[in-house]
Amino acid sequence: MKPTNDKMNQLAQRQKQLKEEMDECKGRMHDAWQTLFAPPVAETRVQHWVNQAERVVAVYDGVMLGYKLCRRLNLIAGWLKPKNKKRK
């Protein structure tokens, strides 16, 4: 049985409707993400400097966390490696 043109048109229309809904949802998600992680608007120079300092501290904290995790994972990986015994 061949699908009729009416069914094909209905499917295409539904697909178009779902794509529009997805685009709207994507836009709302993008806006929410931007407002969630955007720094507060600085009204004075001091607030701007404080925002910059907080950003620097956050970056430093992330780098140090990554460094410590890599060291810890390498230590664990070293325990898991088979050790070659030296022959006398």
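Above this text you will find the structure in question.
Conventions adopted
Residues numbered from 1 in each chain as written. Predicted model: local features only at pLDDT ≥ 70, side-chain atom pairs only at ≥ 80, totals over all residues. Heavy atoms only, no water. Helix = DSSP H or I, 4+ residues; strand = E, 2+ residues; numbered from the N terminus. Areas by Shrake-Rupley, 256 points an atom, 1.4 Å probe, with all protein chains shown as cover. Expected span 1.5 Å × (residues − 1). Buried < 20%, exposed > 50% of the residue type's maximum accessible area, 1.4 Å probe, protein only. Patch = residues over 30% accessible without salt bridge, like charges linked within 9 Å, V, L, I, M, F, W, Y side chains within 5 Å. Salt bridge = Lys/Arg side-chain N within 4 Å of Asp/Glu carboxyl O. Lys, Arg positive; Asp, Glu negative; His and termini not counted. Charge placed at Lys NZ, Arg CZ, Asp CG, Glu CD.

A look at the overall build of the protein chain
And step 1. Looking only at helices and strands, the protein chain features two helices and zero strands.
And step 2. Carbon and sulfur atoms form 61% of the exposed surface of the protein chain, whose accessible area is close to 9500 Å².

Describing helix H1 (residues 5-37)
And step 1. Here H1 is 33 residues long and its end C-alpha atoms lie 48 Å apart, about the 48 Å a rise of 1.5 Å per residue gives.
And step 2. For H1, the buried fraction is low: zero of the 33 residues fall into the buried class.

Looking at a nonpolar patch on the surface
And step 1. A surface patch of nonpolar side chains, amounting to about 410 Å² of accessible area, comprises Trp33, Leu36 and Phe37.
And step 2. Residue placement: Phe37 occurs in helix H1.
And step 3. On the basis of relative accessible area, Phe37 is assigned to the exposed category, the value being 55%.

Examining a negative patch on the surface
And step 1. Taken together, the side chains of Glu20, Glu21, Asp23 and Glu24 make up a negatively charged region of the molecular surface.
And step 2. Looking at the secondary structure, you find Glu24 in helix H1.

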